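Understanding the architecture of this molecule
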Amino acid sequence: MQTIIFLVIGIAIGCILSRFIPKKIVGTLRIDHSDPDSGPYLFLEIKHGGMETMRKKKYVLFEVNLKNYIPHK
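Described below are features of the structure shown in this document. Being a predicted model, the structure only gives us computed values, none of them experimental.

1. Regarding the side chain of Arg30
Within the secondary structure, Arg30 sits in strand 1 (residues 25–32). Owing to a relative accessible area of 14%, Arg30 belongs among the buried residues under this scheme. A polar side-chain atom of Arg30 sits 3.1 Å from a polar atom in the side chain of Glu45.

The structure is reproduced here in structure tokens:
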């Protein structure tokens, strides 16, 4: 029982501390559903200096933008 309590406390502390770790976003993944006849279009917009960060890391973080840029008629 004591092991489970320590496990829960450790998970809670890890979740709280992970909120304070700075997350460097290297760009935006834009998903555009403007054309109803085809699937979504995906565009990767990389911020200045993002390419160097991407090459050095195993995982990167992107913001997601779901805006349609061509209006439907």
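Following the structure, the description resumes.
2. Here's the deal with a nonpolar patch on the surface
Taken together, Met1, Ile4, Ile5, Phe6, Val8, Ile9, Ile13, Ile16, Leu17 and Phe20 make up a surface patch of nonpolar side chains, about 1,100 Å² in accessible area. With respect to the helices, strands and loops of the structure, Phe6 is situated in helix 1 (residues 2–18).

3. Side note on the pairing of strand 1
Along strand 1, six of the eight residues are buried, which leaves the element largely enclosed by surrounding structure. Across five bridges, strand 1 lies against strand 3 (residues 61–65) in parallel orientation. Across the sheet, Arg30 pairs through a bridge with Asn65, a residue of strand 3. Here strand 1 pairs with strand 2 (residues 41–46) via six bridges, running antiparallel. Note on strand 2: the bridge partner recorded for Ile31 is Leu42.

4. A look at the environment of Ser34
Along the chain, Ser34 turns up in the loop between strand 1 and strand 2. On the accessibility criterion, Ser34 (9% relative accessible area) is buried. Note: C-alpha distance between Ser34 and Lys67 (33 residues apart in sequence) is 8.8 Å.

5. Observations concerning the pattern of salt bridges
Pairing of side chains with opposite charge becomes possible as their charged atoms draw close. Tallied over the full model, the rule gives one salt bridge. Linking Arg30 and Glu45 is a salt bridge whose minimum nitrogen-to-oxygen distance equals 3.1 Å. Of this pair, Arg30 sits in strand 1 while Glu45 sits in strand 2, placing them 15 residues apart in sequence.

Parameters at a glance
- Residues numbered from 1 in each chain as written.
- Predicted model: local features only at pLDDT ≥ 70, side-chain atom pairs only at ≥ 80, totals over all residues.
- Heavy atoms only, no water.
- Helix = DSSP H or I, 4+ residues; strand = E, 2+ residues; numbered from the N terminus.
- Buried < 20%, exposed > 50% of the residue type's maximum accessible area, 1.4 Å probe, protein only.
- Polar contact = N/O pair within 3.5 Å; in protein donor to acceptor, adjacent residues only side chain to side chain.
- Patch = residues over 30% accessible without salt bridge, like charges linked within 9 Å, V, L, I, M, F, W, Y side chains within 5 Å.
- Areas by Shrake-Rupley, 256 points an atom, 1.4 Å probe, with all protein chains shown as cover.
- Salt bridge = Lys/Arg side-chain N within 4 Å of Asp/Glu carboxyl O.
- Pairing = 2+ DSSP bridges.

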